[in-house]
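# Coordinate analysis (summary)
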Amino acid sequence: MKRIVVVGGSIAALTAAQSLRAEGFDGPVTVLSEEPHEPYSRVPLSKGVLAGREPAASALLPAPGEDIEFRTGARAVRLDVRGRAVTLADGTQVPYDGLVIATGARARRLGGDRDLVVRTLDDASGLAVRLAGARSAIVLGGGFLGMEVASTCRSLGLEVTVVDLVPPLLRLLGPWLADLAVAAARDHGIRVRIAPDGVSVVDGHRARCGESVLEADVIVCAVGDVPNTDWLRDSGLSLDARGGLVADACCRVAPGVVAAGDVVSREGRRTPHWTNAVEQGRAAAASLLHGTSAGPYRPDPYFWTEQSGLDIKISGELPLTGTPDVLAGSVGDRSALLRWRHDGGTATAVAVNHRLPVVKLKRLGAGTPATHARR
């Protein structure tokens, strides 16, 4: 394999490129990123950057290295699998011997291009300016991102309402942990509106919920994402019903082509989280270079969120049912180490405002006895 091309500029793409070097590949590596920026982390976008407490530059990741070519403003529009070439928006064709697809996902929108979203660095920077002059905000969507954006808006002194089809975080976390997070949000002054019949964006200041119209200075759309696979429609690669790129257990999608990150669908589902993107980037690089001898990708179900005074770290499968065991701390004080046991001997461990090394939390999530985590 002489030349490897990585399409995408996310953490999955960057990790894959750097992992190729770590695995011993010494040929040319080119990363094609649609955005105009050097690689950056999305984690602070809904928090410090959005609040205006941190400059946009604070989200930038370390440079990929002088031996990796990182092209900005290089949007892929077509893939020729047989000819082994990626076509860019300006008509340039970039040949490859090995390809990593890590084009991620884009924000799902309810009101078209007029929606304010928090997906890219430019999104967060632009919205931060809007929030600085606002008094109220409506956040559409009660997932991790929506609740983090709502928390940030509230910290800026805005009146905030979160609107979703079901109670916030319920589908992600399950009822017990979602109730804990929503109670904290309400204590911070965030209002919650359930709209089982759906919500639509009327304009930049109004959203319709059934027969009611809600108004605010700013409306932020945080209703999920859509995998960036439009450029693959004519490639012959397999896409699932929701547009995710279907990959096997070793992150392979075709001979000489692997995939990683938010764009990937495995066993009918995508897992758009930071840890997944990093681990898949590593696994995809190893698979591309070493084939099946590299071994399959092993999911690492680790998630975290910061919102409304809660720092929640989770190791294990979601959503959760039933009541957890309290291993340390106090639920009433919203500072506790929790564990849910599952059939088959596995478990999910959750730290809520509880300091614990991640490696110990993951041991608990794998079912290791609680005494191991207290050392």
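It should be emphasised that the depicted structure is a prediction, and the values quoted were computed from it without experimental measurement.

Let us look at the pairing of strand 10 (residues 159-164). Burial within strand 10 is extensive, with 5 of its 6 residues counted as buried. Across 5 bridges, the pairing between strand 9 (residues 136-140) and strand 10 is parallel. When the bridges of strand 10 are listed, I138 appears paired with T161. With helix 4 (residues 144-155) bridging strand 9 and the parallel strand 10, this β-α-β connection has right-handed handedness.

Taking strand neighbours across the sheet as the criterion, the 3 strands line up as 12-13-14 in an open arrangement whose pairing is antiparallel. Looking at which strands have only one partner, the edges of the open sheet turn out to be strand 12 (199-203) and strand 14 (212-215). Averaged over all adjacent pairs, the angle separating strand axes in this sheet is 30 degrees, with direction ignored. Here 4 bridges tie strand 13 (residues 206-209) to strand 14, and the two strands are oriented antiparallel to one another.

As a further point, take the sheet that holds strand 4 (residues 76-80). Ordered by their spatial adjacency, 3 strands build an open sheet running 4-5-6, and the pairing between neighbours is antiparallel. A single partner strand is all that each edge strand has here, and the edge strands are strand 4 and strand 6 (93-95). Mean inter-strand twist for the sheet, computed between neighbouring axes without regard to direction, equals 25 degrees. Relative to strand 5 (residues 85-88), strand 4 is paired through 4 bridges, and the arrangement is antiparallel. What sits directly across from L79, in strand 5, is V86.

This brings us to the packing of aromatic side chains. Applying the stated criterion across every chain yields a total of 2 aromatic pairs. With centroids separated by 5.6 Å and ring planes inclined at 75 degrees, the aromatic side chains of W176 and W340 adopt a geometry described as edge-to-face. Linking W176 in helix 6 (residues 175-187) with W340 in strand 24 (residues 335-341), this pair joins segments that are 164 residues apart in sequence. On the basis of relative accessibility, which here comes to 23%, the residue W176 falls in the partly exposed class. Residues Y302 and W304 carry aromatic rings whose centres are separated by 5.8 Å and whose planes lie at 35 degrees to one another, so their mutual orientation is tilted. Its end group placed over the ring of Y302, K362 keeps NZ or CZ at 5.1 Å from the ring centre.

Rules used in this analysis
- Each residue is numbered by its place in its chain's sequence as written, counting from 1.
- In keeping with the model being predicted, local features are shown solely for residues with a pLDDT of at least 70 and side-chain atom pairs are shown and tallied solely at 80 or more, while totals for entire chains, interfaces and linings include all residues.
- Heavy atoms throughout the structure, all of them, feed into the side-chain values; hydrogens and water do not.
- Accessibility here uses a 1.4 Å probe with only protein chains present; expressed as a share of the type maximum, an area under 20% marks a residue as buried, one over 50% as exposed, and anything in between as partly exposed.
- Note on conventions: DSSP H or I runs of at least 4 residues are helices, E runs of at least 2 residues are strands, and numbering of each starts at the N terminus.
- Each pair of strands is called paired provided DSSP finds at least two bridges between the two strands.
- When the strands point away from the viewer, a crossover counts as right-handed if the path from the first strand over the helix to the second runs clockwise.
- Fitted lines through C-alpha atoms give the axes, limited to the stretch in contact for helices. The angle between two N-to-C directions lies from 0 to 180 degrees.
- Aromatic rings from Phe, Tyr and Trp, taking only the six-membered ring of Trp, are treated as a pair when their centres fall within 6.5 Å; an angle between ring planes under 30 degrees marks them as stacked, one over 60 as edge-to-face, and anything in between as tilted.
- Geometrically, a lysine NZ or arginine CZ counts as sitting over a ring once it is within 6 Å of the ring centre and also within 35 degrees of the ring normal.

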